[in-house]
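# Chains, contacts and geometry: an overview
Letter by letter, the chains look like this.
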Amino acid sequence: MQHLHQLLEIKNSELARLLRFSLYGLETTLNQARAEFPLDPGAKVCDQVLQELHNLLEPAPPQQNTGWEDPPDELKLNHLREAFNSDSELNYYLGNSQLQSQTDSDLWNEIQRKLLRVPEDLAASWQQRTLDMAEKVGAIADNSNLFQLPFIRDEIIYPGLSGTVQTQGLSLYQQALSNPQNPQGNAFDLPAAFLFLYMNFIEIDPDLHHALKSVFSFDVVSLHSKPEQRDQYIDALSDRFQRTQKAEKNTDPLSILRAWIDMDEAIHSLVFVPPAERYSWWGKLQHESRRILKKVADEAINAGNEVRIRQLSGLYADICALSKGDLQLDCGGIPSEVLTCLRVYARINQEESPGRVIFRSSR
C-alpha cells in the first residue's frame, strides 16, 4: 500500500492516473459483488479491502495551484475579488455567497469555476475581464500548466496564470479514457467519461452538491461538508454506470433505455446551489447525457415500442403532475419556475415514470 500511495501522489504521471482509475474500477466492482454475495466467506476480508481502497483514494485537500500564500489583504487580485462579489448579474446566477479564497491562485480558480455556471456570453465577457485585470498586476494566461480532467474530448476549460501569479488552469483530457489499459471504458463511452470526470471534479470544487433521490431524498446536500454523502453519491453513480454497461451488452432496447434514464438522473443530480444555468458550460456538459438519452429512446421506438421522454421545464405548476419528490430552493432563477430537471418524465408502453425537478419557491 505504501508504494501505491507514493505512485498516486506523483503529479502529471500517466502511471499514477492509470492506477487511480484502475483502483476506482476495482472498488466499484468489489462493492457490487459485496452486495450480490452478502454471505460469501470472503465478505469480511472484502470489507477490509474496500476500507483500504477508500483510504488510499481519499482525496487530499485540492492542490490545484502553485502560487504564493499571500495574506488576504495583500492579494494581487483583490480588485478582481471586489468586482466579482459586487456584480449584480453574477449574483443573480450564483447567489449572494462571497468568494472564499485566501490566495491569488485559489481565487483565480474559484472565480473561473464559478463562471462555468453562468450563461456562456456572460462567462466569456468575465473571463476576458479576469485576464485583463490579471495582466495589470503582471500575470498572463498560461495554457501549458493545466489540471487535467478525464473526458471524451480534449478541451481547455480555462487557462492558468504565470508571472506574478502562478497557478494551474483546467482542461478536459481524452487520453485517460482512450488508454486501452483502462478497464472501465473508452473514449466513446459517455457514462464512463462522466463517472471519471465527476470523481475528479468533486475533489477540486467544494461548491458541488448532489440531489440524487436514491441517496438522500429530502434536500440538496453539500458533498464538501458531508463526505459520507459524497461517497454514497459516487457509489450510486458507479452502480448506475455498471447497470448501463450490462444493459447495453444484453442489447434489449427497453432495458438500455431504463438504465440510461437512471444514469442520466445520476448525472444531472450533481448540482450547485443555485443550479447552473441551462446554457452555461456546466449546463451544456450535462445536456450531452440528454442527447444520448434521446437517441436511446429513438432506438426503442424504432424497435416497435411506444416511448415518450420529456425534460421538465417552465412553470412548476404546469409540470408538477408529471413529477414526484421534487426539491425547492429559495435562490436562483425565476420564482415558481423549474431550476433544473433532475430526472426526465417517461412513458414506456403505457407505463409512466414520473420525473423530478428542483424548482424556485414562489416567494
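Right above here is the structure, for reference.
Here we summarise the structure given alongside this text.

How each quantity is defined
Residues numbered from 1 in each chain as written. Predicted model: local features only at pLDDT ≥ 70, side-chain atom pairs only at ≥ 80, totals over all residues. Heavy atoms only, no water. Pairing = 2+ DSSP bridges. Helix = DSSP H or I, 4+ residues; strand = E, 2+ residues; numbered from the N terminus. Axes fitted to C-alpha atoms, helices over the stretch in contact; angles between N-to-C directions. Parallel < 35°, antiparallel > 145°, perpendicular 65-115°, else oblique. Left-handed = near helix turned anticlockwise from the far one by under 90°. Contact = heavy atoms within 4.5 Å. Nonpolar A, V, L, I, M, F, W, Y, C, P; charged D, E, K, R; others polar. Expected span 1.5 Å × (residues − 1). Buried < 20%, exposed > 50% of the residue type's maximum accessible area, 1.4 Å probe, protein only. Arc of directions from axis to C-beta. Salt bridge = Lys/Arg side-chain N within 4 Å of Asp/Glu carboxyl O.

### Looking at the sheet that holds strand β11 (residues 338-343)
Spatial ordering of the open sheet is given by β10-β14-β11, a layout of three strands whose pairing is mixed. The open sheet has two edge strands, β10 (327-329) and β11, and neither has a second partner. With strand direction ignored, the average angle separating the axes of adjacent strands in the sheet is 20 degrees. Relative to strand β14 (residues 356-360), β10 runs parallel, the two sharing three bridges. Across the sheet, Leu-329 pairs through a bridge with Arg-360, a residue of β14.

### With respect to the packing of helix α9 (residues 190-204) against helix α12 (residues 281-302)
Packed helix pairs are characterised by how far apart their axes lie and by the angle those axes make with each other. Contact pair α9 / α12: the axes reach a minimum separation of 11 Å and the direction vectors enclose 155 degrees. Taken together, the axes of α9 and α12 lie roughly antiparallel to each other. Note that α9 runs across α12; the crossing there is left-handed. Contacts between α9 and α12 pair Leu-190, Phe-194, Leu-197, Tyr-198 and Phe-201 from the former with Trp-281, Trp-282, Leu-285, Gln-286, Glu-288, Ser-289 and Ile-292 from the latter. Grouping the constituent residues of the contact of α9 with α12 by class yields nine nonpolar, two polar and one charged.

### Regarding helix α7 (residues 120-136)
Between its first and last C-alpha atoms α7 spans 24 Å; for 17 residues at 1.5 Å apiece the expected length is 24 Å, and the two agree. Against the buried residues of α7 lie α4 (78-85), α5 (88-94), α6 (104-115), β1 (139-142) and β4 (160-163). Note on α7: the residue one or two positions beyond its end, Gly-138, has a positive phi of about 90 degrees.

### A closer look at helix α3 (residues 43-57)
Given 3.6 residues to a turn, an α-helix orients residues that are three or four positions apart in the same direction. Spanning 15 residues, α3 covers 21 Å between terminal C-alpha atoms, matching the ideal 21 Å at 1.5 Å per step. Among the residues of α3, Ala-43, Cys-46, Leu-50, Leu-53, Leu-56 and Leu-57 are the ones counted as buried. Along the axis of α3, the buried positions cluster into a sector of 130 degrees, meaning they face one direction only. Opposite its buried face, α3 presents the exposed residues Lys-44 and Val-45, each directed more than 90 degrees away.

### Describing the environment of Tyr-24
Looking at the element boundaries, Tyr-24 is found in helix α2 (residues 14-36). As for Tyr-24 and Ser-238, which are separated by 214 residues in sequence, their C-alpha atoms are 9.2 Å apart. Beyond its immediate sequence surroundings of up to four residues, Tyr-24 is in contact with Leu-57, Phe-196, Met-199 and Glu-203.

### Details of the sheet that holds strand β12 (residues 345-348)
Strand order in the open sheet formed by three strands is β9-β12-β13, and the pairing between neighbours is antiparallel. Looking at strand neighbours, the two that pair on one side only are β9 (307-310) and β13 (351-353), the edges of this open sheet. Strand after strand, the sheet turns through a mean of 10 degrees between neighbouring axes, direction not considered. In this structure, β9 lies alongside β12, joined through four bridges in antiparallel fashion. Among the inter-strand pairings, Val-307 is bridged to a residue of β12, identified as Ile-348. Its contacts with the sheet put helix α11 (residues 253-268) on β9, β12 and β13, and the angle it makes with β12 is roughly 165 degrees.

### Some thoughts on the pattern of salt bridges
Counting across every chain of the model gives 16 salt bridges. Note that Arg-243 is salt-bridged to Asp-239, the shortest N-O span being 3.1 Å. Placement of the pair is Arg-243 and Asp-239 together in helix α10 (residues 227-250), with a separation of four residues, close to one helical turn. The partly exposed category is assigned to Arg-243, whose relative accessible area is 35%. The residue Arg-240 makes a salt bridge to Glu-265 at a minimum N-O spacing of 2.8 Å. In this pair, Arg-240 sits in helix α10 while Glu-265 sits in helix α11, placing the two residues 25 residues apart along the sequence. Arg-240 sits in the buried class, given a relative accessible area of 8%. Owing to a relative accessible area of 5%, Glu-265 belongs among the buried residues under this scheme. One salt-bridge network, held together by shared partners, links Asp-239, Arg-240, Arg-243, Asp-262, Glu-265 and Arg-343.

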